[in-house]
Amino acid sequence: MKLKDTIKLNLIHIFRNSKNKYYILASVILSTLLLFILNFKTNMYNYINNTIIENVGFRTILIGPNYNYDDYGLNTIKNMDHISYTYSSKYASTSIESSFKNNYFDGIITLMPSKLIDNNNLSNGEAICPINFYPSSSADELLVDNSKSLSGRSLLNKTFTIKYKDYIKELRIISLYDSVSTSTIANTCYVSDKVIKEIRDYQESSNEGVIYGIIAVVDKKENVTDVLNKLTNLGFDASIELEADTSMFNNINIICNALTIIISLALILIIYFYIKKKIYNDNKNIGILRSIGFNKLSLYLYYLNEILLLSLISFIISVIIFISLFFLIKYIYINKYINKIIQISLYLKDFIIPIIIIIILPLLASSIMVIKKIRCNIITLIGGKKWL
């Protein structure tokens, strides 16, 4: 029998048998749930990873002035291993009113030194701003209406004004960055040290004589603890600006792993018992086909094709449903209400486990069972005797 005829016969048999439809339905439901759980877990992992790696706050150490040093310890800290750069906490950042203010956006932006993004080439009147400005930079307002955001792309190479009382300055946006992928506080622009110094000196003009702490940025996240211990041993009062509390995410990860195992086991059991019942109860048909001239290879390929088609149909329907719901959620809901912190994406690796469970395992299981079955005596098969 030609492959085309075999596939046609397999499809007829699949859709005529109501048990196949129930099998497909159960596989589709469980596979779709599995895909959602795996995708959620991957997005959550990437969010945590990006937050800790990309956000410089996890590499930033806040250090109190040490009065045992003439310069309060600044040079000592600068010369320590793994310190990328240091500066006074007075010039760490500043919030200031901007000309971006409109009916939706309060106009308040945060300015930070550009060296935090390894850019020391900005002139006094240049700025690097986010792709989108949101109505509020509050961490509590994760979702905002898309129509109320301000596109940074439309402002590229244009000037805007910042103002604090009588202090007014114009800045030109020369470049954009993605505040989501870098896990940066919303509505933050990077400017030169000189601009930060001008603004902070003006804002703090009445606080002359105040002694400020020191901010040190470590080269890599893995070196932060080592630097922190050395500072403590030298008598500095130091702490990390941002510390990751991943306990909630660890609990979510445990739940996701548990659900993944439960659903995977359920799928494997359904597949195993379905294939076992299907093939082991087909004694008479196999015996008849053997008696009319079907060789063992043809029978093997016939059953393998049917299982493969069943598996492919189940997997393809699952993927279509999953991707449709994913984009429905992302582009109808999240595209309208933009998440300022988390990026939601599809990842090919999330399809590996479902492919193994839904396609590869059924083929392996059916191969073993069919090979055992077709080796039986034809008379035994036609006689319908139970074969184990």
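As a starting point, this report considers the structure included with it. (Residues numbered from 1 in each chain as written. Predicted model: local features only at pLDDT ≥ 70, side-chain atom pairs only at ≥ 80, totals over all residues. Heavy atoms only, no water.)

What to know about the pairing of strand S4 (residues 108-113)
Move 1: Across the 6 residues that make up S4, a large majority, 5, are buried.
Move 2: As defined by bridge partners, strand S3 (residues 94-98) adjoins S4 across 4 bridges and the pair is classed as antiparallel. Each residue of the ladder has a partner; that of Glu97, found in S4, is Ile108.
Move 3: The pairing of S4 with strand S11 (residues 188-191) spans 4 bridges and is parallel. (Buried < 20%, exposed > 50% of the residue type's maximum accessible area, 1.4 Å probe, protein only. Helix = DSSP H or I, 4+ residues; strand = E, 2+ residues; numbered from the N terminus. Pairing = 2+ DSSP bridges.)

Describing the side chain of Thr188
Move 1: Looking at the element boundaries, Thr188 is found in strand S11.
Move 2: Taking relative accessible area as the criterion, Thr188 reaches 0% and is therefore assigned buried.
Move 3: If we ignore the near neighbours within four places in the chain, the residues touching Thr188 are Thr110, Met112, Ile128, Cys129, Pro130 and Tyr177. (Contact = heavy atoms within 4.5 Å.)

A look at the sheet that holds strand S12 (residues 214-218)
Move 1: Spatial strand order, S2-S12-S1-S13: 4 strands in an open sheet with antiparallel pairing. Because the sheet does not close on itself, it has two edges, and the strands there are strand S2 (83-88) and strand S13 (238-240). The average undirected angle you get between the axes of adjacent strands in this sheet is 25 degrees.
Move 2: Bridging between S2 and S12 involves 5 bridges; their strand directions are antiparallel. By the bridge assignment, Tyr85 is partnered in S12 with Val217. (Axes fitted to C-alpha atoms, helices over the stretch in contact; angles between N-to-C directions.)

A look at the pattern of salt bridges
Move 1: Taken as a whole and judged by the stated rule, the model has 8 salt bridges.
Move 2: Notably, a salt bridge pairs Glu204 with Arg200, separated by 3.2 Å at the nearest N-O pair.
Move 3: Note that Lys278 and Glu306 form a salt bridge whose closest N and O atoms lie 2.3 Å from each other. Separated by 28 residues along the polypeptide, Lys278 in helix H6 (residues 247-280) and Glu306 in helix H8 (residues 296-334) bring together distant segments of the chain.
Move 4: Residue classification places Lys278 among the buried residues on the basis of a relative accessible area of 14%.
Move 5: Take Glu306: its relative accessible area is 0%, and that puts it in the buried class.
Move 6: Connected via shared salt-bridge partners are Lys90, Lys197 and Asp201. (Salt bridge = Lys/Arg side-chain N within 4 Å of Asp/Glu carboxyl O.)

Quick look at H6
Move 1: Its 34 residues place the ends of H6 49 Å apart at the C-alpha level, agreeing with the 50 Å of an ideal helix rising 1.5 Å per residue.
Move 2: Along H6, the residues classified as buried are Phe249, Cys256, Thr260, Ile263, Ser264, Leu267, Ile271, Tyr274, Ile275, Lys278, Ile279 and Tyr280. (Expected span 1.5 Å × (residues − 1).)

A word on the packing of helix H2 (residues 18-54) against helix H9 (residues 352-374)
Move 1: Running from N to C, H2 and H9 point in directions that differ by 160 degrees, and their axes come no closer than 9 Å. Between H2 and H9, the angle is such that the two are roughly antiparallel. Regarding H2 and H9, the two cross each other, and that crossing is right-handed. Seen from H2, the contacting residues are Ser31, Leu34, Leu35 and Leu38; seen from H9, they are Ile353, Pro354, Ile357 and Ile358.
Move 2: A per-class count over the contact of H2 with H9 returns 7 nonpolar, 1 polar and no charged. (Parallel < 35°, antiparallel > 145°, perpendicular 65-115°, else oblique. Left-handed = near helix turned anticlockwise from the far one by under 90°. Nonpolar A, V, L, I, M, F, W, Y, C, P; charged D, E, K, R; others polar.)

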